[in-house]
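Report on the structure
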Amino acid sequence: MIRIYTSKVKGAGTDANVSLNVIGVKGSSGWHQLRAKQDSFERGKEDAFTLQLPDLGMLTHLGVKSDGTGQGPAWHLDKVCIIPPAVPSALAAPAQGKTANSLQPGRRGSSGNTGLPGQPVWFVARRWLDVVHGLEVLLEVQAADPAKSLVQYQVEVHTSDVKNAGTDAQVFVQLFGEQGSGEAQELRSGKSSDNTFRRGGADTFNLQLPYLGPLSKLRVWLEGPGSPWHLTLIIVRGPEGTVTYFPCARWLGTTATAGDSSGQPVQGNAVLPLELLGTDVDPRRTQADYKVVTRTSDIVGGGTDAAVYIELIGSNGSTSGLQHLQPTGPHTFDQGRVDEFRIRCEALGDLAQLRIGHDGTGSHPAWHIQQVEVTDMSSSRTWYFEADCWLAASHGSIDRLLQASSTDPLADRQAYQVTVYTSKRPGAAKTAGASIFIILHGSHGLPVTSTNGSNTIANSSRQRSSEHSPEVLSSPRLELSGGGPDSFSEGGVGSFTLPAVRNLGQLRHITLELTALAEACSWHCQHVEVSNSTGERWLFPCNAWLAAGSSGSLKQLAAAAGQPQRVLQPAPNLDALWQQIKLETQQQQQERYKVAVYTSDNSSPTSDARVSVTLHGTSGEAGPFELSAQGCSCFQPGACDVFDVASPTKLGQLQRLKV
C-alpha cells in the first residue's frame, strides 16, 4: 500500500501523471506510473495506491517524478507512506535494477522501521515538482512518521487599528526556516462564532509543523470571498522559546502587488502572497508617533472626498507602509482646510520622502494638495513636503512622491496682485457664462515625481521649460473672480488678489485661459499687470481675443480668430511701456468737446482778457479750460470762435457751464 499526501499549499494539486521508483537494499522496483483517478492529487488530499513490487529488502530511498502534462502540471508533494505487506510474498519476483552494493544509500534515519512487514515507511518531500524546481526528486527514508515528530509554533496575528482593517476572508501562512519550510496553514480559531482578524485585534493560533530551525521569513495571503485586510505584525514563538517578529503594516487582498496604493478590493479571489522578513527585535519597542498635517489648496475644486493615504520613507530606505488618513469630520480635506492626523509606525530616523495619494473614490476625488508636514513627536523634528499639485487621474496620477525639506516653504510664500484691463472696443466685454483663469510661471523650480513610473508632471501647476532656461515653477490654475461687476466689462479694469503661493522669482510668462459654459464666449484683453508683496511688478501686453465655443452671433464671428488660451510674455522695456499704456489708458478715458463762443456785435473792438470755461455734467465736472488759439485773434465783435476741449473723465449729460 502506498499513500500519497498532497500539500495544502495554494495550487498544490496536479493533473499530471505521477510515477514512483521504490529503492531498497536489494535493488529498485523501476518506475511505476500510479493509476490516478480524476480527483487524485488534489490540494490537501491523501490518495492510496497498490503496487505489486519485488522483495526489495529494507527500503532506503524513493524516487518520485511527474511528466509535467495537463492543464495544471505543477505539484507540491508533502510526503509518501509505504506499507509493506504483513507477510512477504513467497512468489515475489527478483529485484530489478541496481543491487544494494552498487546503490550505497545514505544511512540517515535507517535506525527506524524501513520496510518491516506491516510497518509504515515514511518519505518527506515538502517541495514542488514542476519545470522550475525539477520534475523528479529522490527522497530518503525517515525514522518515523513525520506527523509524530511535529513541534508546536504559536502564531500571534495583530490586525491594524485603521478603518476597515478587519477581514472575513481566509488567512493562510507559511513559515520558512534554516532547516526547511512548513506546509501552508490556514489560521482558524476553531470556535463556532469566529471573531478573528477584527480591527485592532490580536489573535493566537497553534500550528503543528516539523522543526524548521531559526525562522527567516513568512508568507501570508488571503483566499476566498472577503474584504481586504490591513495587517500590522505577526509574532511567531518557536518550540525552544524563540520569538521572531514579522512587521507588515500593509494591506492584503488588493488587485495590485502588496503595498501598491492603486489596488482595489478583491471579492472571491486570492492574491499573491506577501513575503515578510523576520527579526528578533520587537518593532513595537522601536515605533514612533508622527503628527501629520495636510494643507489642501484654497482653490476652486481643490478639496476631495476620496480615501487619502500616505507613506513615510526614511533616508535609509525604511518605510511606514501605507497609512490611511482617517477623516476627522465631514469637512476633512475640503478646500483651504488644514487637517491633523496621528500615525504610529516603525521609527524611520531622518525622513527623505513622502508618498501621498488617494483611491480615486467619491463624488469628487480630484485633490489639490499644497503641502504636508510631518513631526516626530519624540524629537519634535518637523519635515516639510511641498506639493502644490493635483492628485487626479485627469492630471496624470492620483499619487505623488514628495521630497523632504527642513525649512517651511510656506515661509517663502508671496501674495500676488493681478490687474486685468479689458479693451475699449465694441464687443470686448467678457460674455456672460465665461470664466477667466490665470497661471503664473516663474524662474524658481521644485522637483515633484509621479509614482506611476513617469517623471513627467502632467498637471499645469508645475512644468519645466522646453527651452534651455532654468527650471520653471508655476502657480496653480487660479480663477480670476470677485473683482467686481465691471471687472471684465468694455474698457473695465479688474483687480484680483491671488492666494499666496511659493515665491516664483522673476516671472517668465503667464497663461490666460477662457472657459465657456455657454454656446460661445469671448473676451478681448488689452493687457495684464502683476505685482507681488515686495513691490516688484510685471506688465504683460495682450491686445487679443480669447474665445471658446462655436461662433454664433456677430460678436463671436468677430472673435473667430481668438483662442481659449494665451501665453503672454512680459514687456521688455517696462518703463517706456508703462508710459505708453498710461497714455493709451488716459486717451481711452478722455471725452472731447467742441466749445463754440459767439461774441456780440456791440462788444469792445478787442479784448485781451483770458477766457476759461468749466463744464459740469451728471457724472462730474472738468476744467477750467483756457480758450485760446495760437496766432489768432479771438473774441472779435460778431465773431464765432471754436475750441477743442478734452475732459480727462467722462462727464455724462452736461448740465451747466461756467465762464
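This text goes with the structure placed above it.
Structural notes, computed from the coordinates. (Residues numbered from 1 in each chain as written. Predicted model: local features only at pLDDT ≥ 70, side-chain atom pairs only at ≥ 80, totals over all residues. Heavy atoms only, no water.)

**A word on the sheet that holds strand β14 (residues 202–209)**
In sheet architecture, strand pairing relies on hydrogen bonds along the backbone and comes in two forms, parallel and antiparallel. Here four strands make up an open sheet; going across it, the order is β14-β10-β16-β17 and the pairing antiparallel. The open sheet has two free edges, formed respectively by β14 and β17 (243–252), since each of these has just one partner strand. Across the sheet, the mean angle from the axis of one strand to that of its neighbour is 20°, orientation sign disregarded. Note: strand β16 (residues 229–237) against β17, eight bridges, orientation antiparallel. Note that in β17 the partner of His 230 across the bridge is Trp 251. (Pairing = 2+ DSSP bridges. Helix = DSSP H or I, 4+ residues; strand = E, 2+ residues; numbered from the N terminus. Axes fitted to C-alpha atoms, helices over the stretch in contact; angles between N-to-C directions.)

**Brief notes about the packing of aromatic side chains**
Under the counting rule described, the total for this entry stands at 11 aromatic pairs. Where Phe 172 meets Trp 221, the ring centres are 5.9 Å apart and the plane angle is 10°; that geometry is what we call stacked. On the criterion of sequence distance, the pair formed by Phe 172 in strand β11 (residues 170–177) and Trp 221 in strand β15 (residues 215–223) is long-range, its members being 49 residues apart. Judged on exposure class, the residue Phe 172 and its partner Trp 221 are both buried. Their ring planes at 25° and their centres at 5.7 Å tell us that Phe 197 and Phe 205 sit as a pair that is stacked. Lying across the ring of Trp 31, Lys 65 places its NZ or CZ 4.5 Å from the centre. (Phe/Tyr/Trp six-rings, centres within 6.5 Å; stacked < 30°, edge-to-face > 60°. Buried < 20%, exposed > 50% of the residue type's maximum accessible area, 1.4 Å probe, protein only. Lys NZ or Arg CZ within 6 Å of the ring centre and 35° of its normal.)

**As for the sheet that holds strand β36 (residues 520–532)**
In spatial order, the strands read β33-β28-β36-β37; together these four strands make up an open sheet with antiparallel pairing. If you trace the sheet from one side to the other, it starts and ends with β33 (493–497) and β37 (537–549), each paired once. Direction aside, the axes of adjacent strands within the sheet are offset by 25° on average. Where β36 and β37 come together, 11 bridges link them in antiparallel fashion. Among the inter-strand pairings, His 527 is bridged to a residue of β37, identified as Pro 541.

**Points about the pattern of salt bridges**
Between side chains of opposite charge, a pair can form when the charged atoms approach closely. What the rule picks out here adds up to 20 salt bridges. With a shortest N-O distance of 2.5 Å, Glu 373 and Arg 295 are connected by a salt bridge. Of this pair, Glu 373 sits in strand β24 (residues 367–376) while Arg 295 sits in strand β19 (residues 287–296), and the two are 78 residues apart along the sequence. Since its relative accessible area comes to 10%, Glu 373 is described here as buried. Arg 295 sits in the partly exposed class, given a relative accessible area of 22%. The shortest N-O distance in the salt bridge between Asp 350 and Arg 381 comes to 2.4 Å. Separated by 31 residues along the polypeptide, Asp 350 in the loop between β22 (338–346) and β23 (351–358) and Arg 381 in strand β25 (residues 381–391) bring together distant segments of the chain. Its relative accessible area of 39% is what places Asp 350 among the partly exposed residues. Given the relative accessible area of 39%, Arg 381 is considered partly exposed. Here the residues in one salt-bridge network are Lys 217, Arg 219 and Glu 275, joined through shared partners. (Salt bridge = Lys/Arg side-chain N within 4 Å of Asp/Glu carboxyl O.)

**Considerations on the pairing of strand β1 (residues 2–6)**
The buried fraction of β1 is high, at four of five residues. The pairing of β1 with strand β7 (residues 75–82) spans five bridges and is classified as antiparallel. Of the residues in β7, the one forming a bridge with Ile 2 is Ile 82. Taken together, the four bridges between β1 and strand β5 (residues 46–49) define a ladder with antiparallel strand orientation. Within the sheet, the bridge partner assigned to Ile 2 lies in β5 and is Phe 49.

**With respect to unusual backbone geometry**
Omega for the bond connecting Gly 623 with Pro 624 falls within 30 degrees of zero, at 5°, which places this linkage in the cis form. Position of Pro 624 among the secondary structure elements: in strand β41 (residues 620–626). Phi angles above zero are rare outside glycine, and Phe 41 is one such case at about 60°. Relative to the helices and strands, Phe 41 is located in the loop between β4 (32–33) and β5. Residue class for Phe 41 comes out buried when judged on its relative accessible area of 1%. Of note in the backbone geometry, Ser 380 takes a positive phi value of approximately 65° without being a glycine.

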